[in-house]
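Tertiary structure, described
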Amino acid sequence: MKTTSFLACAVLLMATGASAAEKVTVQVTNAWVRATVPGQPVAGAYLDLRADRAVKLIGVASPVAKRGEIHEMKDEDGMMKMRAVDAVDLPAGETVSLAPGGLHVMLFGLSEPLIAGRKVKLTLRFRGDSGGVFKRTVDVPVKAVD
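Remember, it's a predicted structure, so these values are computed and weren't measured experimentally.

Next up on the list: the environment of Pro-38. With respect to the helices, strands and loops of the structure, Pro-38 is situated in the loop between β1 (26-34) and β2 (42-51). Assessed through its relative accessible area of 70%, Pro-38 is described here as exposed. Along the chain, Pro-38 and Pro-113 lie 75 residues apart, while their C-alpha atoms are 5.2 Å from each other.

What follows deals with the packing of aromatic side chains. On inspection of all chains with the given rule, the structure shows two aromatic pairs. Arranged with centres 4.6 Å apart and planes meeting at 40°, the rings of Trp-32 and Tyr-46 form a pair that is tilted. Of this pair, Trp-32 sits in strand β1 while Tyr-46 is found in strand β2, placing the two residues 14 residues apart along the sequence. Like Tyr-46, Trp-32 is buried. Residue placement shows Arg-67 over the ring face of Phe-108; its charged tip is 4.4 Å from the ring centre.

Membership of the largest hydrophobic core comes to 33 residues, with the highest contact counts inside it found for Val-26, Leu-49, Val-55, Leu-57, Leu-114, Leu-124 and Phe-126. The greatest single-element share of this core, amounting to five residues, is contributed by β2. Here Leu-124 is in contact with Val-28, Leu-47, Leu-49, Leu-57, Gly-59, Val-60, Phe-134, Lys-135 and Arg-136, once residues within four sequence places are set aside.

With that settled, the discussion passes to unusual backbone geometry. Residue Asn-30 is not a glycine yet carries a positive backbone phi of 50°. Within the secondary structure layout, Asn-30 lies in strand β1. Phi is positive for Asp-77, which is not a glycine, with a value near 55°. Along the chain, Asp-77 falls in the loop between β4 (65-76) and β5 (79-84).

Calculation criteria
Residues numbered from 1 in each chain as written. Predicted model: local features only at pLDDT ≥ 70, side-chain atom pairs only at ≥ 80, totals over all residues. Heavy atoms only, no water. Helix = DSSP H or I, 4+ residues; strand = E, 2+ residues; numbered from the N terminus. Buried < 20%, exposed > 50% of the residue type's maximum accessible area, 1.4 Å probe, protein only. Phe/Tyr/Trp six-rings, centres within 6.5 Å; stacked < 30°, edge-to-face > 60°. Lys NZ or Arg CZ within 6 Å of the ring centre and 35° of its normal. Core = buried A, V, L, I, M, F, W, Y, C linked by side-chain atoms within 4.5 Å. Contact = heavy atoms within 4.5 Å.

In structure tokens:
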């Protein structure tokens, strides 16, 4: 009896978190991934994010990479340095750009070259103020950059 009650409560809590997360709309625009050459193990991805409620981008994954990370470029004492960040705040109604030279996504351990004209799937993970986690998968074009 106690086990059944516990399981019922656990399912209710998971469903509540999922339904709250589903009410958040996150727009992904201007997304692209930098094309690579054969043997290149990493690539950068860039996109603009806009949420109707405050959320955090907390992770990224792609089937073409062993792992994805959110990174930030910063000028420290005249030198540009890149470091991983745990999350990116998306204030309600504001567009946050992940672009070259600033916040961006890094894909590590590429399983294949990323060829201009093709598309790559990115799965973005978000956490809302209530703590619920949700994902959004988008098809992102690969672009060559001079």
